[in-house]
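# A closer look at the structure
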Amino acid sequence: MYYKFLIMRKFVLTIIMLFVFLPSVMSQSVTFKNESLNYKIIYHWGLIWKHAGSATLTLKNDGDKAHARLACRSRSWVDKMFKVRDTLSCSFYNKDLRPIIYKKDAHEGKGIVHDVVSYTYNGNKVTADCRHARKGRPVWNGSFEADGPAYDMLSIFYYIRQLDYSKMKPGDKRSVVVFSGHRKEILTVKYVGVEEIELRDDKTIYNTHHIKFSFTQEDKKKSSDDMDTWISVSATKIPLMLKGKLPIGEVRCYYEK
């Protein structure tokens, strides 16, 4: 039971790492206004559909920069087994979406984690200075480097919404570096194609781009199961649904208007 809800918690967080930078795809001009996006996390097994958690993602512009914040929390029935209260935040430049700083404050079960990633740039090279603190353990400080674009688990959400998926073909794959606090991971995406979906509480039919993605470490070892997501074909390019398997059943994340 604990393992099941540990995976569920990871799916709540992956609402902000749904996509990857696709270097061969031309980007479109998307102006991000101040916004608030809400998601409902559902546990599904057979005839069981149970509300397990929620996530809210907000964006505020501040001159040439923007500040994003994600708040995730589990429902009371999940809290009895594994309580989740996570907050992620980041700042990035509006002009090119390069991240400046990323922070994560996580209260998961009895554990408390604080992550900070600060970025510096030298030409095409990105350096991420990281600090990872977990209650009861020594603080870890280190740095990672990457050539070309690199993101964290929050800033990548905004970059991907500028990309032109209409130029992709089913089966296309791309990868990009993501810094996740104390790890450097590779996020890989496979484009499936255009599909129609119907959200659970909203009976409207949406045209979407269906994408599969996975995370691996530098040694090629997978750090999560493959996941599926559907992003709106509209100009807003809002991720509408995320789905991932559990040992028993599955978790789905639905966008709420």
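Overview of the structure. All figures in this text were calculated on a predicted structure; none of them were measured in a lab. Residue indices follow the written sequence of each chain, beginning from 1 at its first position. A pLDDT threshold of at least 70 governs which residues receive local features in this predicted model, and a stricter bar of 80 or more applies before side-chain atom pairs are shown or counted, although totals over entire chains, interfaces and linings include all residues. Processing note: side-chain calculations cover all non-hydrogen atoms of the structure and skip hydrogens and water entirely.

Phi is positive for Leu97, which is not a glycine, with a value near 65 degrees. Each residue gets one of three labels from its accessible area relative to the maximum for its type: buried under 20%, exposed over 50%, partly exposed in between, using a 1.4 Å probe on protein chains only. Owing to a relative accessible area of 2%, Leu97 belongs among the buried residues under this scheme.

Should a side-chain nitrogen of Lys or Arg be within 4 Å of a carboxyl oxygen of Asp or Glu, the pair is scored as a salt bridge. Enumeration according to the criterion identifies eight salt bridges in this entry. Between Arg85 and Asp79 there is a salt bridge, and its shortest N-O distance comes to 2.9 Å. Residue classification places Asp79 among the partly exposed residues on the basis of a relative accessible area of 22%.

A separate point is the nonpolar core. The nonpolar side chains of soluble globular proteins are, as a tendency, buried together. By convention a nonpolar core is built from buried Ala, Val, Leu, Ile, Met, Phe, Trp, Tyr and Cys residues, the set being connected through side-chain atoms within 4.5 Å. With 59 residues, the main nonpolar core has Leu154, Tyr158 and Phe179 as its most contacted residues. Ranked by residue count, the leading element in this core is strand E1 (residues 35-45), at five residues. The contact definition used throughout considers only heavy atoms, calling two residues in contact when any of these lie within 4.5 Å. When near neighbours in sequence (up to four residues on either side) are disregarded, Tyr158 contacts Phe32, Glu35, Leu57, Thr58, Leu59, Ala68, Phe92 and Leu97. For the purposes of this entry, the term helix denotes a DSSP run of H or I that reaches at least four residues, the term strand denotes a run of E that reaches at least two, and both are numbered from the N terminus.

A pair of strands is labelled paired if DSSP reports no fewer than 2 bridges between them. Pairing of strand E5 (residues 99-108) with strand E6 (residues 111-122) involves eight bridges; the strand directions are antiparallel. Following the sheet pairing, Tyr102 is matched in E6 by Val117. Where E5 folds back on E6, the antiparallel hairpin that results is connected by two residues, among which Gly109 adopts a positive phi of roughly 65 degrees. Of the pairings in the sheet, the one linking E6 to strand E7 (residues 125-134) comprises ten bridges and is antiparallel in character. Within the sheet, the bridge partner assigned to Val113 lies in E7 and is Arg134. In sequence, E6 turns back onto E7 through a hairpin of two residues, with Gly123 there showing a positive phi of about 65 degrees.

Let us look at the environment of Asn122. Positionally, Asn122 belongs in strand E6. Taking relative accessible area as the criterion, Asn122 reaches 64% and is therefore assigned exposed.

Two aromatic rings, drawn from Phe, Tyr or Trp (for Trp, its six-membered ring), form a pair once their centres lie within 6.5 Å of each other, and the interplanar angle then sorts them: stacked below 30 degrees, edge-to-face above 60, tilted otherwise. Applying the stated criterion across every chain, the model contains four aromatic pairs. Pairwise contacts between aromatic rings join Tyr119, Trp140, Phe144 and Phe179 into one cluster. Over a ring means this: the NZ of a Lys or the CZ of an Arg is within 6 Å of the ring centre and within 35 degrees of the ring normal. Stacked on the ring of Trp77, the Lys or Arg Lys50 has its end atom at 5.1 Å from the ring centre. Here the basic side chain of Arg98 rests over the ring of Tyr121, its NZ or CZ set 4.5 Å away from the ring centre.

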